[in-house]
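Fold and contact review
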Amino acid sequence: MAAAVSEKIRGKTKEKMNRRKAIRNIFLLGGAGAAAAGGFSFYRFYKKPDLTALDGYKKLIEELAEIIIPETDTPGAKSAGVAPVIITLIKDCTNRKAQNRFMYGLEDVEDYAKATYGKSFVDCDHAAKLAVTGHFEERDRPWAGIKGKVSRRLIGDSFFITLKKYTLLSYGTSMKGATMGMAYDYIPGQYNGVVPLKPGQKCWAT
């Protein structure tokens, strides 16, 4: 009886060790794979980025954000003035890994636009801007499951994920975005947790 219990304990201990080893391998291989896929060394992720260069990319960030939230019957990202806010968020509210990936991403956008269309992204026509943005959205699509979590932990959010997240945040908290892009309720009434939206209804901002 004692031998059977002892064998069972050893089996569980071995199972835990194997699980830890598997997780460690996923962690290491996932990180290495992410770095290889991005063409980066880990030094480039963790080094101190030159954030002073961000101000020189203001126009590029503005044009990229406008593709994400274009001007229609409501103001676009450019009109809402999101670029300075995105720059501030990158400088003050973003970890070093994601900062580096964002800076490299801006360089990649310019290099790709020039290689594909022979001009800077800012100077491309609307169709070319859509194509370039679509390329980077696809390139930076996060991996699913634990591989994606490991990648994000090791090397931070990808360029396009950060760009999209901060564009939406900057737009939603801007005066034009909140009052014209969304249904603005200056003084909300009583709380109602379930409010059916009508067809074409904007999301709420208060």
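Let me sum up the structure you'll find in this document. Sequence order sets the numbering: in each chain, residues are counted from 1 along the sequence as written. A pLDDT threshold of at least 70 governs which residues receive local features in this predicted model, and a stricter bar of 80 or more applies before side-chain atom pairs are shown or counted, although totals over entire chains, interfaces and linings include all residues. The side-chain values count all of the structure's non-hydrogen atoms but skip hydrogen atoms and water molecules.

Considerations on the environment of R44
Secondary structure follows DSSP: runs of H or I at least 4 residues long count as helices, runs of E at least 2 residues long count as strands, and numbering of each begins at the N terminus. For R44, the location among the structural elements is in helix α2 (residues 42–46). Along the backbone, R44 and I155 are 111 residues apart, and their C-alpha atoms lie at a distance of 9.6 Å.

Topic: the nonpolar core
To qualify as a nonpolar core, a set must consist of buried Ala, Val, Leu, Ile, Met, Phe, Trp, Tyr and Cys residues joined through side-chain atoms within 4.5 Å. Accessible area is worked out with a 1.4 Å probe on protein chains only. A residue is then buried under 20% of its type maximum, exposed over 50%, and partly exposed in between. By size, the foremost hydrophobic cluster in this structure holds 32 residues, and its most contacted members are L54, I61, F102 and L106. For this core, the secondary-structure elements that each account for two or more residues are α3 (58–68), α4 (77–80), α5 (82–93), α6 (96–117), α7 (126–139) and α9 (159–172). With six residues, the top contributor of residues to this core is α5. Contacts were defined at the residue level, with two residues in contact if any of their heavy atoms lie within 4.5 Å. Aside from chain neighbours lying at most four places away, what touches F102 is L54, I61, I86, I90, F159, T162 and L163.

Brief notes about the packing of α3 against α6
In this description, a line fitted to the C-alpha atoms serves as the axis of each element, helices being fitted only across the stretch in contact, and the angle between N-to-C directions of two axes falls anywhere from 0 to 180 degrees. Where α3 meets α6, the axes come as close as 11 Å, and the angle between the chain directions of the two elements is 80°. Considered as vectors, α3 and α6 are oriented roughly perpendicular to each other. For the pair α3 and α6, the contacting residues are L60, I61 and L64 in the first and F102, L106, V109 and E110 in the second. Throughout this entry, Asp, Glu, Lys and Arg are counted as charged residues, while Ala, Val, Leu, Ile, Met, Phe, Trp, Tyr, Cys and Pro are counted as nonpolar. The remaining residues, Gly among them, count as polar. Of the residues in the contact of α3 with α6, the class split is six nonpolar, no polar and one charged. Note that the term roughly parallel is reserved for angles under 35 degrees, roughly antiparallel for angles over 145, roughly perpendicular for angles of 65 to 115, and oblique for everything else.

Let's talk about α6
For a helix, the expected span equals 1.5 Å multiplied by the residue count minus one. Look at α6: 31 Å from first C-alpha to last across 22 residues, which is about the 32 Å you get at 1.5 Å a residue. Positive backbone phi, at 75°, marks G118, one or two positions downstream of α6.

Quick word on the packing of aromatic side chains
Paired rings are identified among Phe, Tyr and Trp, the last through its six-membered ring, by centres lying within 6.5 Å, and are further divided according to the angle between planes into stacked (under 30 degrees), edge-to-face (over 60) and tilted (the rest). Under the defined criterion, the tally for this structure stands at three aromatic pairs. Where F102 meets F159, the ring centres are 5.3 Å apart and the plane angle is 45°; that geometry is what we call tilted. Here F102, found in helix α6, pairs with F159, found in helix α9; they are 57 residues apart in sequence, far enough to count as distant. By the burial criterion, F102 is buried, and F159 matches it. Counting every residue linked through ring pairs, the aromatic cluster contains F102, Y112, F136 and F159.

Concerning the pattern of salt bridges
One speaks of a salt bridge when a side-chain nitrogen belonging to Lys or Arg is within 4 Å of a carboxyl oxygen belonging to Asp or Glu. Applying the stated criterion across every chain yields a total of ten salt bridges. For the salt bridge of K59 with E62, the shortest nitrogen-to-oxygen distance reads 3.4 Å. Of this pair, K59 and E62 are both found in helix α3, three residues apart, which corresponds to roughly one turn of the helix. Judged by relative accessible area, which is 42%, K59 ranks as partly exposed. Of the charged contacts in the structure, one is a salt bridge between E137 and K164, with a shortest N-O distance of 3.7 Å. With a gap of 27 residues between them, E137 in helix α7 and K164 in helix α9 connect regions that are remote in the sequence. The network of salt bridges with common partners includes K59, E62, E63, K78 and K129.

Looking at the packing of α3 against α7
Packing of α3 against α7 leaves a shortest axis separation of 10 Å and a crossing angle of 85°. Considering the angle they form, α3 stands roughly perpendicular to α7. Across the interface between the two elements, E63, L64 and I67 from α3 touch H126, K129, L130 and T133 from α7. For the contact of α3 with α7, a count of residues per class yields three nonpolar, two polar and two charged.

Purely spatial values, then, with no claim about function.
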